[in-house]
Amino acid sequence: MKLTVAIAQIDIALAQPDINQLTVAQYAQKAGEAGVDVLIYPEMWRTGYALEQLVNLADEEGVKTQDLLSQLARQYHINIIGGSVATRQQDAFYNTMFVYDKNGHQVSTYNKLHLFGLMAEEKFISAGRTTNVFTLAGIPSAGAICYDIRFPEWLRTMMAVGPQEILYIVAEWPIQRIAQWQILLQARAIENQAFVIAANRVGHDDDNIFGGRSLIIDPLGHIVGQASDTQEALLIRTIDISQEQAIRGEIPVFNDRRPTLYH
Ligand SMILES: NC(=O)CCC(=O)C(=O)O
């Protein structure tokens, strides 16, 4: 089965949701015109890491983001991994991903599980507690957010059910660790024998320069698509999911696991 995926590697205007919503809509239009099946955005695309302004900026119960993503999915007939945005859910703030199918129906939501201390996330944001496993475009998939990729046990928890065939990652990953970003993602692809589709942002905020290099990686760890480290881009590739069946048949990692011995 073939799937055309697109990564919107965008710059994000700090604390400017109106500008960022326009950018996101423009990229959905481009992806729709290109006949893409699945479009993915980066982490915290609505506000960037304006964490000290969450009281004013967080999306109340995620309503504005959900309305926008659902409408874009319907209008352009694309499945959307909605990056993530800052939400307020009851009395707490979260870093939240929403996933929509091409009919505009929500198929998953996820609150980032591992909060990143170097960007002071845990001072402002509460950690999620649930998995993010879903079927999108008919393909069993999982999604995670940025720092989550440093926790292979968490990704395995999600990838082993099924097993899932695509792992979607959304990020705001700084340039100084961009080599680690690439290696970690290639490792996650190889160990889970799955495609990894990973969207990072470019540009900067007051504290960080972000490193782009959004990646599409096959189940053997080969890079099949790579955006630049500095420029906005819509990175589009067609991947062949049946590649996975062959690899999983040859080296049956998921059958060979011994989870009762893992602690
Ligand atoms: N936004 C994040 O979670 C950044 C994670 C990161 O930079 C890392 O090195 O891990």
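None of the values given here were measured: they were computed from a predicted structure.

Draft legend 1. Structural detail: the overall build of the protein chain. The helix and strand tally for the protein chain stands at eight helices and 14 strands. By the compact-globule yardstick of 18 Å for 263 residues, the protein chain fits well, its C-alpha radius of gyration being 17 Å. Projected onto its principal axes, the C-alpha positions of the protein chain cover 50 × 45 × 35 Å. Considering only contacts in the protein chain between residues 6 or more positions apart, those separated by 24 or more positions represent 69%.

Draft legend 2. Looking closely at the confidence of the model for the protein chain. Looking at the protein chain as a whole, the pLDDT averages 97, with 100% of positions reaching at least 70. In the model output, the complex is listed with pTM 0.98 alongside ipTM 0.99.

Draft legend 3. Structural context of the environment of Glu33. As for its placement among the helices and strands, Glu33 is situated in helix H1 (residues 17–33). Since 9 C-beta atoms lie within 10 Å of it, Glu33 is described here as exposed. Separated by 83 residues in sequence, Glu33 and Phe116 place their C-alpha atoms 36 Å apart.

Draft legend 4. Summary view of the sheet that holds strand E12 (residues 215–217). With mixed pairing, the six strands of this open sheet are ordered in space as E8-E9-E10-E11-E12-E13. In this open sheet, the two strands that pair with only one neighbour each are strand E8 (133–136) and strand E13 (223–226). Put simply, the sheet's adjacent strands are angled 20° from each other on average, direction ignored. Judged from the three bridges that link them, E12 and E13 form a sheet pairing that is antiparallel. Bridge pairing in E13 links Leu215 to Gln226. Strand contacts of helix H5 (residues 152–159): E8, strand E9 (139–145) and strand E10 (166–170), with the helix running at about 155° to E9, the strand carrying the most contacts.

Draft legend 5. Highlighting the site of the ligand. Taken together, the neighbourhood of the ligand is formed by Glu43, Phe116, Met119, Cys146, Tyr147, Arg150, Glu172, Trp173, Pro174 and Arg177. Partitioned by chemical class, the residues of the shell around the ligand number six nonpolar, no polar and four charged.

Draft legend 6. Quick look at the UniProt feature "domain: CN hydrolase" (unreviewed entry) in the protein chain. Per the UniProt annotation, the sites labelled "domain: CN hydrolase" (unreviewed entry) are residues 3–241. Helix makes up 26% of residues 3–241 and strand 30%, and the two end C-alpha atoms of the span are 7 Å apart.

Draft legend 7. Here's a closer look at the environment of Leu220. By the secondary structure assignment, Leu220 is in the loop between E12 and E13. Taking the number of C-beta atoms within 10 Å as the measure of exposure, Leu220 has 12 and is therefore exposed. It is 5.2 Å that separates the C-alpha atoms of Leu220 and Ile190, two residues lying 30 residues apart in sequence. Sequence-distant contacts of Leu220, that is, excluding residues within four places in its chain, are made with Ile190 and Ile247.

Draft legend 8. Seen up close, the pairing of E8. Residue alternation in E8 divides its side chains into a buried set, Phe134 and Leu136, and an unburied set, Val133 and Thr135. Pairing of E8 with E9 involves four bridges; the strand directions are antiparallel. Among the inter-strand pairings, Leu136 is bridged to a residue of E9, identified as Ile139. Where E8 folds back onto E9 in an antiparallel hairpin, the turn is made up of two residues, including Ala137, whose phi is positive at roughly 55°.

Parameters and conventions
Residues numbered from 1 in each chain as written. Predicted model: local features only at pLDDT ≥ 70, side-chain atom pairs only at ≥ 80, totals over all residues. Helix = DSSP H or I, 4+ residues; strand = E, 2+ residues; numbered from the N terminus. Rg over C-alpha atoms; globule rule 2.2 N^0.38 Å. Contact = placed C-beta atoms within 7 Å. pLDDT = per-residue confidence, 0-100. Buried ≥ 20, exposed ≤ 12 C-beta atoms within 10 Å, placed from the backbone. Pairing = 2+ DSSP bridges. Axes fitted to C-alpha atoms, helices over the stretch in contact; angles between N-to-C directions. Near = placed C-beta within 6 Å. Nonpolar A, V, L, I, M, F, W, Y, C, P; charged D, E, K, R; others polar. UniProt positions renumbered as here; feature names shortened; annotations may be inferred.

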